Amino acid sequence: MLDNRFDPAAVEGRIYEAWVEADAFKAGRPERVHAEPYCIVIPPPNVTGSLHMGHALNNTLQDVLARFERMRGKDVLWQVGTDHAGIATQMVVERQLAERQQPTRREMGRAAFVERIWAWKDESGGTIINQLKRLGASCDWSRERFTMDEGLSRAVLKVFVRLYKQGLIYKDKRLVNWDPKFQSAISDLEVVQVEVKGHLWHFRYPLDGGVTYQHPVAFDEAGKPTEYETRDYIVVATTRPETMLGDTAVAVHPDDERYRGLVGKFVRLPLVGRLVPIVADAYSDPTKGTGAVKITPAHDFNDFEVGKRAGVPMINVLDAEARLTLSGNAEFLEGAVDGPDLHAVLALSGHSREAARKAIVALMEERGLLDKIEPHAHTVPHGDRSNVVIEPWLTDQWYVDAHTLAQPALKAVRDGRTTFVPKNWEKTYFEWLENIQPWCISRQLWWGHQIPAWYGPDGSVFVEETEEAALASALAHCVQAGIITDEQARDYAKHPEKAGGLITRDEDVLDTWFSSALWPFSTLGWPDQTRELERFYPTSVLITGFDIIFFWVARMMMMGLHFMDGQIPFKDVYIHALVRDEKGAKMSKSKGNVIDPLSLIEEYGADALRFTLAAMAAQGRDIKLATSRVEGYRNFATKLWNAARFAEMNGCTRVPTYEPKKVELAVNRWILSELQQAQEDITACIEAYRFNEAAGAAYRFVWNIFCDWYLELAKPVFMSADNPWQAETRATTAFVLDEILKLLHPFMPFLTEELWRLTAGEGLRRPAMLALTQWPKLSGLKAPAAAEEIGWLIDLVTEIRSVRAEMNVPAGAQIPLVLVDASSLTQTRTEVWMDALTRLARLSGVSFADAAPAGAVQVVVQGETAALPLAGIIDMDAEVVRLTKELGKTHDELDKIEKKLGNPDFIARAKEEVIDEQRERRDAAQARAAKIVDALGRLGKAG
């Protein structure tokens, strides 16, 4: 006997353990050895992470597909694993050391620190994996991988070495995002733009050699200069005065008449004395600031490109901690003019960039070179974990020739071998790959894959998979270069310990995105030619967020095509949207609007959260998540549970010999017809990644069709002991309920698995757990005549209920129904369904007439007129007044909304979520107005 209610907390853990014990999620089950393979690789969450709403959405959608295809008989591998998360993990462990007042990373040394991280990982690194299990994720846990485990590390080494020897990995001096706190290069994804209220300092740079020019100072209405003044300086504006010490050019637009005559001339850099050329470059915007910009190639990404085009030096004036490094800086001192100004500047060496900024502004002001200061709000890059200002810094790093690797990745999508869903994301993918820059893959950390590069005594580089191989290469090189003799080389080869110090390993580690770029094939065993690699590569689909199309999706495409003989890593890429709060705002801790998925699971159950996310996952549209929606789908779970209890109480048990195609009663043929349609719709929608439509089709069938209509229409059959259709209806109900559990399983696995167990039938056993049961394959159940007959009944009852609601008919009032000029078919149907019609529509009776009675509200159902004489039941005139007043209010509300949405200033300034809210309010008001107009029309006819 089913309990009164479904308690998720009491059953979810037990059910999950049962799945695991049965190896329900394991790929390669004996009965599926010859089945079609289906593979999804999980976007590996950080080992430091905990489940957030983005994870919940991403993994729910993956699980829907995994469970769906598993039920369709495929050999499903949902490959799971975690990412070692270089900076995040190192930061967690360093913070732990500080809290416990234990030796710092540098005090304990690299080997001991890395060992400490492994200990932390073994103890605390599995949090998110356990949380995924609470969500119901049906991953193959026996194949769990980690980006730093032995097999994946071997793949990383092999890839790095091969790319290096192919000339696709190299070392170069370029600008990187530098985090002064972590003292490491970081990726663009780890940089957040923060708007700050700062200043714009305008400095005067003196022209060299007595050069002057006429600068416009007054203009007419058309913007043409009317007055000029003679200047022997050019004004540049900057938000970062401290970087001026590294200026190597001043750029003006080639078409800017003000400065055209100065191109090719020089300024004398204030405080330093270095001669700096004035160059023409379209990067300078004549409409912004003074139209002249200082160029500091070593400390600004745009300036770096301008500097390359202009061929000017790149002078680094900051160190790894973002302090001025001037004393002994040969590049800075070259061309500098000795004197009091330079000495004052050199005294700032070692100062922080913040202190240096104040000092330089003061020095410029003292010398009369500070033209003006303006308040200036602008975005400043910050490290997402360190929260410090990121410094564009010129440094030696390792790079991948991403441009070369990008060409096959572009072609694969253009050829349709890999498809993006929604397709519009292909444009984003193309734009990034077509303009791709070299990929910086080195990080100045200790936790990660240490770069397999060793340096010889003369600075030569040896890139090999092992130190032994690197030493062998180094010995050969050193003999050829005359650094050691043949005899020494042979001795070192026999006794490597004697060669200590001959080569030293690069201390840097690889960007975590480098190892995760190999994920689709490294997790399957590459570089070994494993059975899993042969069977499951290419994978079937990748589900991920749009924010890592560049960082992960594109790089997996590049690496997969390069190392897997031109085979794509996945056939489809489904890009899901963001989960926002109910007002459409992005969730953030600072806003206090973060919704914790685990809290929702605690309160409403995993199934309710999963169904909510799937039901709202419309392609290309962000999810506005309200707790009320999760509560609503918890009620849906309760509705299904209660329907199963109702079926149980009415003797609806599974009949193994039941043949749905032999059913005769119209209502039973109708529900089977609707069931087949629902199965077809849900299947097609999941196949097309239209998760919201699949969930919507399931919801409509279960709640609206099966619970609200079929069970209501079947009640009289159950309640009548001598009804000849009772056995058929009971068997049909049990059959449909079984099929519902199958159709809902990918979305609500816990509830459906529990009901599957509990509704097996007395003395009967299920042949398999629901997770391993075959997906419905229904055919031959469409019954057009039955569908039309029951459809007529439902439409008629629905229209009557709408009229009752619109006209404020008291809930308990029974009203008459007159069918006007009814056809013989309608009369027959009315006689058959009289009891149901009067019960469901709360009618006092049904009659037939050639014309509608006076004062009756009329509705049209399937082309025929039904009249509801409401005179005496409601005050018709008062209803007209009420509805007219309501319509006026609705129109007033619509006018206000339309004015807002028609205001360009509002559209330009308002947040996206506010605009969306106004549009939703407009749509709701328009729908409400249409209903009122319809109701007034009915009352007009009645009058």
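Residues numbered from 1 in each chain as written. Predicted model: local features only at pLDDT ≥ 70, side-chain atom pairs only at ≥ 80, totals over all residues. Heavy atoms only, no water.

Trainee: Give me the overall build of the protein chain: which residues, what numbers.
Mentor: For the protein chain, the helix and strand inventory stands at 32 helices and 31 strands. Along the longest, intermediate and shortest principal axes, the C-alpha atoms of the protein chain span 110 × 85 × 55 Å. Residue burial in the protein chain is summarised as follows: out of 943 residues, 54% are buried. A separation of at least 24 residues holds for 77% of the contacts in the protein chain among residues at least 6 apart in sequence. Accessible surface computed for the protein chain: about 41,900 Å², of which carbon and sulfur atoms make up 49%. Between the centroid of the 109 positive side chains of the protein chain and the centroid of its 132 negative side chains there is a distance of 2 Å. (Helix = DSSP H or I, 4+ residues; strand = E, 2+ residues; numbered from the N terminus. Buried < 20%, exposed > 50% of the residue type's maximum accessible area, 1.4 Å probe, protein only. Contact = heavy atoms within 4.5 Å. Areas by Shrake-Rupley, 256 points an atom, 1.4 Å probe, with all protein chains shown as cover. Lys, Arg positive; Asp, Glu negative; His and termini not counted. Charge placed at Lys NZ, Arg CZ, Asp CG, Glu CD.)

Trainee: Residue-level account of helix α8 (residues 301-310), with values.
Mentor: Burial in α8 covers these residues: Asp303, Phe304, Val306 and Gly307. When α8 is viewed along its axis, its buried side chains cluster within an angular range of 165° and face the same direction. Those residues of α8 that are buried are in contact with β5 (169-179), β11 (249-252), β14 (292-295) and β16 (391-400). The backbone nitrogen of Asn302 has a side-chain oxygen 2.9 Å away, supplied by the residue at the start of α8, namely Asp300. Looking one or two residues beyond α8, the residue adopting positive phi is Gly311, at roughly 70°. (Arc of directions from axis to C-beta. Polar contact = N/O pair within 3.5 Å; in protein donor to acceptor, adjacent residues only side chain to side chain.)

Trainee: Now, about the side chain of His576: what can you tell me, with residues and values included?
Mentor: Mapped onto the elements of the fold, His576 is located in strand β25 (residues 570-576). Of the residues examined, His576 reaches a relative accessible area of 10% and is grouped as buried. Not counting residues up to four positions away in its chain, the partners in contact with His576 are Gly54, Leu57, Asn58, Leu61, Ile543, Thr544, Gly545 and Phe546.

Trainee: So what's going on with the pairing of β25? Residues and values would help.
Mentor: Burial analysis of β25 places 5 of its 7 residues in the buried class, the great majority of the element. Taken together, the 3 bridges between strand β17 (residues 419-421) and β25 define a ladder with parallel strand orientation. Of the residues in β25, the one forming a bridge with Val421 is Tyr574. Across 6 bridges, strand β24 (residues 539-545) lies against β25 in parallel orientation. Across the sheet, residue Thr539 finds its bridge partner in β25, namely Phe570. (Pairing = 2+ DSSP bridges.)

Trainee: How would you explain the packing of helix α21 (residues 606-615) against helix α24 (residues 691-719) if you had to name every residue and give the values?
Mentor: Remark: α21 packs on α24, axes separated minimally by 7 Å, with the N-to-C direction vectors making an angle of 120°. Of the possible angle classes, the one that applies to α21 and α24 is oblique. Where α21 approaches α24, its residues Phe611, Ala614 and Ala615 are matched on the opposing element by Phe691, Asn692, Ala695 and Tyr699. Class assignment for the residues of the contact of α21 with α24 results in 6 nonpolar, 1 polar and no charged. (Axes fitted to C-alpha atoms, helices over the stretch in contact; angles between N-to-C directions. Parallel < 35°, antiparallel > 145°, perpendicular 65-115°, else oblique. Nonpolar A, V, L, I, M, F, W, Y, C, P; charged D, E, K, R; others polar.)

Trainee: Requested: an account of the pattern of salt bridges, with residues and values cited.
Mentor: If you walk through the whole model with that rule in mind, you get 59 salt bridges. A salt bridge links Glu602 to Arg134, with the nearest nitrogen and oxygen atoms 3.1 Å apart. Pair noted here: Glu602 is in helix α20 (residues 597-604) and Arg134 is in helix α6 (residues 127-135), with a separation of 468 residues, a long-range link. Judged by its relative accessible area of 53%, Glu602 is exposed. Put simply, Arg367 and Asp341 hold a salt bridge, and the shortest N to O gap is 2.8 Å. Residue Arg367 is located in the loop between α11 (353-366) and β15 (370-383), and its partner Asp341 is located in helix α10 (residues 340-346); the two are separated by 26 residues in the primary sequence. Here the salt bridges do not stand alone but share partners, grouping Arg240, Glu242, Arg353, Glu354, Arg357 and Glu391 into one network. (Salt bridge = Lys/Arg side-chain N within 4 Å of Asp/Glu carboxyl O.)

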